[in-house]
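Observations on the three-dimensional arrangement
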Amino acid sequence: MELSSSDTTLLKVQDLNKSFILHNIDGRTIQVLHDLRFSINAGEHVALAGTSGAGKSTLLRILFQTYSTSTGSILFKLASGEWVDLTHLTDSEIVAIRGREIGYVSQFLRAQPRRSVIDLVTRAGISRGLDNNDAREQAQMTLEKLHIGKPLWEVHTSVLSGGEKQRVNIAAGLISPPRLLLLDEPISALDPENRTLALELIQELTLNGVAVLAVFHDLDAIEQVSHRIIAMEKGRIVQEGPTNTLLPLLRKGYINS
Ligand SMILES: Nc1ncnc2c1ncn2[C@@H]1O[C@H](COP(=O)(O)OP(=O)(O)O)[C@@H](O)[C@H]1O
Ligand SMILES: [Mg+2]
């Protein structure tokens, strides 16, 4: 997919490093992200590629601020136009930004098991600033788009199949979309038909100006939805460029995916 004309930077990551201290082993420190530097524009879809253990999930969690940063800065342009460094926010500021401005969809539905499908997606809408009625209405619409029909709406999320859980998870990510959406293997459990459906909705996001940073296992998905690829290896960015330039290298195995 070619990127349309937007050049509005939304996110600037500078010299980002992340270490974990292995408390349970011997207190050793391991560095899993090294000097990451990249930016993302509004309306741009960037695919994060790299083999398992490269640091992709860690990076997404840091951007969502569920992991702290060791050093470096993460500059984000708020809807108000103000730039903030996500690594310097208070907890309540993080919660506010996470609700309205930055969303995160992981491979697994991390919902409370006793929550109903419609309630879960409605709450996601409320956290994005919709009022209760609008949130419920949009939750219904979003679930329908993902082929989660009415009979499933009042069901507890714990009883859903893996593919249904993923689609509910995606619905919660897509309702009243945030300005930056982080996706960590969101379609891994979907059958081909629902995969296509989910990818179409993800593609629509970029047309609406949402910036997306996504991990997909599947190179065809990357080809369909991304404008640019950032390839990581052992916690470092090893290649970065337009999808049509880098994808052939990934397919041939010149870059590990
Ligand atoms: N909470 C943690 N504590 C210690 N090490 C971690 C933690 N989370 C991830 N890691 C390590 O960081 C590295 C990158 O992991 P991850 O970000 O999950 O990679 P990817 O998503 O690319 O497969 C791995 O070596 C992993 O073991
Ligand atoms: Mg991962």
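Presented here is an overview of the structure given in this document. Quantities reported herein were computed from a predicted structural model and do not represent experimental measurements. (Residues numbered from 1 in each chain as written. Chains lettered and ligands numbered in written order. Predicted model: local features only at pLDDT ≥ 70, side-chain atom pairs only at ≥ 80, totals over all residues.)

1. What to know about the overall build of the chain
Counting secondary structure elements, the chain contains eight helices and ten strands. When the 257 residues of the chain are sorted by exposure, 40% land in the buried category. The contacts of the chain with a sequence gap of at least 6 include a subset with a gap of at least 24, amounting to 68%. (Helix = DSSP H or I, 4+ residues; strand = E, 2+ residues; numbered from the N terminus. Buried ≥ 20, exposed ≤ 12 C-beta atoms within 10 Å, placed from the backbone. Contact = placed C-beta atoms within 7 Å.)

2. Thoughts on the packing of helix 3 (residues 117-127) against helix 5 (residues 162-174)
At a closest axis distance of 8 Å, the pairing of helix 3 and helix 5 adopts a crossing angle of 25°. Accordingly, the angle class assigned to the pair helix 3 and helix 5 is roughly parallel. By crossing handedness, the relation of helix 3 to helix 5 is classed as right-handed. Only Val168, Ala171 and Ala172 of helix 5 make contact with helix 3, whose side of the interface consists of Val117, Leu120, Val121 and Ala124. (Axes fitted to C-alpha atoms, helices over the stretch in contact; angles between N-to-C directions. Parallel < 35°, antiparallel > 145°, perpendicular 65-115°, else oblique. Left-handed = near helix turned anticlockwise from the far one by under 90°.)

3. A word on the sheet that holds strand 7 (residues 180-184)
The six strands are arranged 6-7-8-3-9-10 in an open sheet whose pairing can be described as mixed. Looking at the sheet topology across the chains shown, the edges are occupied by strand 6 (102-105) and strand 10 (236-242). Pairs of neighbouring strands in the sheet enclose a mean axial angle of 15°, with direction left out of account. (Pairing = 2+ DSSP bridges.)

4. Overview of the nonpolar core
Membership of the largest hydrophobic core comes to 68 residues, with the highest contact counts inside it found for Leu48, Val121, Ala171, Leu182 and Val212. When neighbours within four sequence positions are excluded, leucine 48 is seen to be in contact with Lys56, Leu59, Leu213, Ala214, Val215, Ile230 and Met232. (Core = buried A, V, L, I, M, F, W, Y, C linked by C-beta atoms within 7 Å.)

5. Regarding the site of ligand 1
With respect to spatial proximity, the complete set of residues near ligand 1 consists of Phe20, Val32, Gly50, Ser52, Gly53, Ala54, Gly55, Lys56, Ser57 and Thr58. The dominant element in the shell around ligand 1, judged by the number of residues it contributes, is helix 1 (residues 56-63), at three residues. Here the shell around ligand 1 is composed, by residue class, of three nonpolar, six polar and one charged. (Near = placed C-beta within 6 Å. Nonpolar A, V, L, I, M, F, W, Y, C, P; charged D, E, K, R; others polar.)

6. Overview of the pairing of strand 10
Relative to strand 10, strand 9 (residues 228-233) runs antiparallel, the two being bridged by six bridges. Of the residues in strand 10, the one forming a bridge with isoleucine 229 is glycine 241. Taking the residues that link successive antiparallel strands as the turn, the strand 9-strand 10 hairpin has two residues, and the phi of lysine 234 there is positive, at about 45°.

7. Notes on unusual backbone geometry
Leave glycine aside and you will find that most residues have negative phi; peptide bonds, for their part, are mostly trans. One non-glycine residue, serine 176, lies in positive phi territory at about 35°. Structurally, the position occupied by serine 176 is in the loop between helix 5 and strand 7. The class of serine 176 is partly exposed, set by 18 C-beta atoms lying within 10 Å. Phi at glutamate 185 takes a positive value of approximately 50°, unusual for a residue other than glycine. Along the polypeptide, glutamate 185 turns up in the loop between strand 7 and helix 6 (192-207).

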